[in-house]
Amino acid sequence: ANALREHTALQRFRWFDFGTRMEAAPQDLSPDCVIRALKECPHLGMVTVTTTSASADAMKTLLQLPKNTYLILILNTEHWSAVADGIRQGHCNIKYLFLTLLLPSSSCKDTEAVKALASVIRLDRNLKHVRLDMKNYFTDEAAAALAEALTVNKTLRKITLFFENASGGQVMDADALSAPAY
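One structure accompanies this document, and this report is about it.

Attention now moves to the overall build of the chain. Looking only at helices and strands, one finds 6 helices and 7 strands in the chain. When its helices and strands are written in sequence order, the chain yields α-β-α-β-α-β-α-β-α-β-α-β-β. When burial is assessed residue by residue, the chain has 47% of its 182 residues classed as buried. Sequence separation of 24 or more characterises 71% of the internal contacts of the chain that already satisfy a separation of 6 or more. In the structure as shown, the chain presents an accessible area of about 9,000 Å², 53% of it carried by carbon and sulfur atoms.

When you line up the elements, V47 lands in strand β2 (residues 46–50). With 24 residues separating them in the primary sequence, V47 and L71 have C-alpha atoms 5.1 Å apart. Once you skip the residues sitting within four places of it in the chain, V47 turns out to touch F13, L38, L62, L65, T69, Y70, L71 and I72.

Another aspect to go through is the pairing of strand β1 (residues 12–16). The side-chain alternation of β1 yields one buried face, formed by F13 and W15, and one unburied face, formed by R12, R14 and F16. Relative to β2, β1 runs parallel, the two being bridged by 5 bridges. Bridge pairing in β2 links F16 to T50.

Here we come to the packing of aromatic side chains. Tallied over the entire structure, the rule returns 2 aromatic pairs. Here Y70 and Y96 contribute two aromatic rings whose centre-to-centre distance is 4.2 Å and whose plane-to-plane angle is 5°, an arrangement assigned as stacked. Placement of Y70 in strand β3 (residues 70–75) and of Y96 in strand β4 (residues 96–101) is noted, with a sequence separation of 26 residues between them. Centre to centre, the rings of Y70 and F98 are 5.9 Å apart; their planes meet at 65°, and the pair counts as edge-to-face. Of this pair, Y70 sits in strand β3 while F98 sits in strand β4; the two residues are 28 residues apart in sequence, bridging distant segments of the chain.

A few words now on the nonpolar core. Counting 47 residues, the largest nonpolar core has L62, W80, V83, I87 and L132 as the members making the most contacts within it. It is helix α5 (residues 107–121) that contributes the most residues to this core, 6 residues altogether. Contact partners of W80, with chain neighbours within four places excluded, come to L75, L99, T100, L101, A113, V114, L117, L132, D133 and M134.

Time to look at the packing of helix α4 (residues 77–88) against α5. Orientation of α4 relative to α5, taken along the N-to-C sense of each, is 15°, at an axis distance of 9 Å. In terms of axis orientation, α4 runs roughly parallel to α5. Of the two elements, α4 crosses α5, and the hand of that crossing is left-handed. Packed against α4, whose contacting residues are T77, E78, W80, V83, A84, I87 and R88, the element α5 presents K109, D110, A113, V114, A116, L117, V120 and I121 at the interface.

What follows deals with the pattern of salt bridges. Scanning the entire structure with this criterion turns up 7 salt bridges. The partner of E78 in a salt bridge is K109, and the shortest N-O contact between them spans 2.6 Å. Here E78, found in helix α4, pairs with K109, found in helix α5; they are 31 residues apart in sequence, far enough to count as distant. Taking the shortest distance from any N to any O, the salt bridge between R122 and E148 comes out at 3.3 Å.

This paragraph deals with α5. Over its 15 residues, α5 extends 21 Å from the first C-alpha to the last, a length consistent with the 21 Å expected when each residue adds 1.5 Å. Listed as buried for α5 are D110, T111, A113, V114, L117, A118, V120 and I121.

Scoring rules and cut-offs
Residues numbered from 1 in each chain as written. Predicted model: local features only at pLDDT ≥ 70, side-chain atom pairs only at ≥ 80, totals over all residues. Heavy atoms only, no water. Helix = DSSP H or I, 4+ residues; strand = E, 2+ residues; numbered from the N terminus. Buried < 20%, exposed > 50% of the residue type's maximum accessible area, 1.4 Å probe, protein only. Contact = heavy atoms within 4.5 Å. Areas by Shrake-Rupley, 256 points an atom, 1.4 Å probe, with all protein chains shown as cover. Pairing = 2+ DSSP bridges. Phe/Tyr/Trp six-rings, centres within 6.5 Å; stacked < 30°, edge-to-face > 60°. Core = buried A, V, L, I, M, F, W, Y, C linked by side-chain atoms within 4.5 Å. Axes fitted to C-alpha atoms, helices over the stretch in contact; angles between N-to-C directions. Parallel < 35°, antiparallel > 145°, perpendicular 65-115°, else oblique. Left-handed = near helix turned anticlockwise from the far one by under 90°. Salt bridge = Lys/Arg side-chain N within 4 Å of Asp/Glu carboxyl O. Expected span 1.5 Å × (residues − 1).

Pasting the structure below:
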């Protein structure tokens, strides 16, 4: 983690883990320690994190990355809620947030996670583009909450929804929820 803080040329960072919480990991190799150190890297342009073991607080820390960083998070529903909580608390500095649901749970739980995100991005003034990938589908309720967030938030320019249709093909709805350019 200290090496990350001192590395001024680091522009892209990727972290992948699918293990259980890494309690036995050495302190400087735990996912939380490494993820928290990223906010000290001023030149990061893209951060991709796929995790099942990092803490919710570490996910919130990622929102404090430099404003032009593309933050790509592939997380479970609970981590999506943590990201929403971090935005609600005013910790979001970034303009570009791409969230993918790692393991879809129930449609009700997934819809609640999307609605939680929609409710906080309504008032956020930093995000310019949010992309949500549900892997299965968006309910009408979730889509309505996102559409409302886009009409209320005057700085958010685009919400992209990405999902797979019944035949397994990918469908991207990039324009249906896009705000007009000013």
